[in-house]
Amino acid sequence: MANVTINGTSHAIKAAPDTPLLYVLRNELKLNAAKFGCGLGQCGACTVIVDGEAVFSCVTPVELVEGRSVTTLEGLGSRENPGILQQAFIDEQAAQCGYCIPGMMMRAQAMLQRNPRVSDRQIREEMEPHLCRCGTHMRILRAIRRAADRVAGTLVPSAPGGRS
Ligand code: FES
Ligand code: FES
């Protein structure tokens, strides 16, 4: 039985050790933000953070995260109190169907935790593994830029009457 800390809470996992972390999150713990897309590590929809690194939870057996710290989108904020990235995605209206967004946010979060002073090019390169079938990539990149500037303290306030 694996013991895993998820969003700051320790869980004794009942699933078999080779069960993908994604299934444990969704089926056993009812944390449904991480999505099943390809199941093959090729789309990014299932991305979570493990000890500061973005990982594909669909191809990560739960035994590999024994004793480690997992963060899912639920750990970044709530509907009532969204985190910086979540608010930036709202401000930029970055979601269309929204299916890819939790994974996108988790990779962006891991990047900003390492270094919020990222260039646009670094953001693009970092987000390369993620697919968005709705084609909202430009808005997603703008949202991450906004969050990065906010975290780094360099966000320029918009003019009165403009979008915040
Ligand atoms: Fe995990 Fe696609 S569902 S990478
Ligand atoms: Fe629909 Fe990205 S918003 S897949």
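Located above this text is the structure these notes cover.
Position numbers for residues count from 1 along each chain, tracking the sequence in the order it is written. As a convention, the first chain written is A and the first ligand written is 1, with the rest following in written order. This being a predicted model, a pLDDT of at least 70 is required before a residue's local features are given, and a value of 80 or more before pairs of side-chain atoms are given or counted; all residues contribute to the totals for chains, interfaces and linings. To obtain the side-chain values, all non-hydrogen atoms of the structure were included, while hydrogens and water were left out.

Peer 1: Pulling in residues and values, what's your account of the sheet that holds strand 3 (residues 47-50)?
Peer 2: Two strands in a sheet stick together by hydrogen bonds in their backbones, pointing the same way (parallel) or opposite ways (antiparallel). When DSSP locates at least two bridges between a pair of strands, those strands are taken to pair. Under the DSSP-based scheme used, a helix requires at least four consecutive residues in state H or I and a strand at least two consecutive residues in state E, with every element numbered from the N terminus. Strands sit in the order 2-1-5-3-4 across an open sheet of five strands; the sheet is mixed. The open sheet terminates on both sides in strands that have one partner only, identified here as strand 2 (9-12) and strand 4 (53-56). Pairs of neighbouring strands in the sheet enclose a mean axial angle of 40°, with direction left out of account. In this structure, strand 3 lies alongside strand 4, joined through four bridges in antiparallel fashion. Note that in strand 4 the partner of valine 48 across the bridge is valine 55. Working convention: axes come from line fits to C-alpha atoms, limited for helices to the stretch in contact. Angles between N-to-C directions cover 0 to 180 degrees.

Peer 1: Help me get a handle on the pattern of salt bridges, residues and values and all.
Peer 2: Here, a salt bridge means any side-chain nitrogen of Lys or Arg that lies within 4 Å of a carboxyl oxygen of Asp or Glu. Tallying each qualifying case throughout the model produces nine salt bridges. Among the ionic pairs, glutamate 126 bridges to arginine 107, the shortest N-O distance being 3.8 Å. Residue glutamate 126 is located in helix 4 (residues 120-126), and its partner arginine 107 is located in helix 3 (residues 101-114); the two are separated by 19 residues in the primary sequence. In this pair, the class of glutamate 126 matches that of arginine 107, namely buried. Relative accessibility decides the category of a residue: with a 1.4 Å probe and only protein chains considered, values under 20% of the type maximum give buried, values over 50% give exposed, and everything between is partly exposed.

Peer 1: A description of helix 3 should follow, citing residues and the corresponding values.
Peer 2: Because each turn of an α-helix spans 3.6 residues, side chains separated by three or four positions in sequence point in the same direction. An expected span of 1.5 Å times one less than the residue number is assigned to each helix. Taking 1.5 Å of rise per residue, 14 residues should cover 20 Å, and helix 3 covers 20 Å from first to last C-alpha, within 8% of that figure. Counting buried residues along helix 3, 11 of its 14 residues qualify, which places the element largely inside the surrounding structure. Buried within helix 3 are the following residues: Ile101, Pro102, Gly103, Met104, Met105, Met106, Arg107, Ala108, Ala110, Met111 and Leu112. Contact criterion: two residues are considered in contact whenever any of their non-hydrogen atoms come within 4.5 Å of each other. In this structure, the buried side of helix 3 is in contact with strand 3, strand 4, strand 5 (69-71), helix 2 (84-91), helix 4 and helix 5 (137-152).

Peer 1: Lay out the pairing of strand 1 (residues 3-6) with the relevant residues and their values.
Peer 2: Burial of strand 1 is one-sided: the residues Val4 and Ile6 facing one way are buried, the residues Asn3 and Thr5 facing the other way are not. As paired strands, strand 1 and strand 2 are joined by four bridges and run antiparallel to one another. Following the sheet pairing, isoleucine 6 is matched in strand 2 by threonine 9. Linking strand 1 back to strand 2 in an antiparallel pair, the connection comprises two residues, with asparagine 7 at a positive phi of about 50°. The pairing of strand 1 with strand 5 spans two bridges and is classified as parallel. Paired with threonine 5 across the bridge in strand 5 is serine 69.

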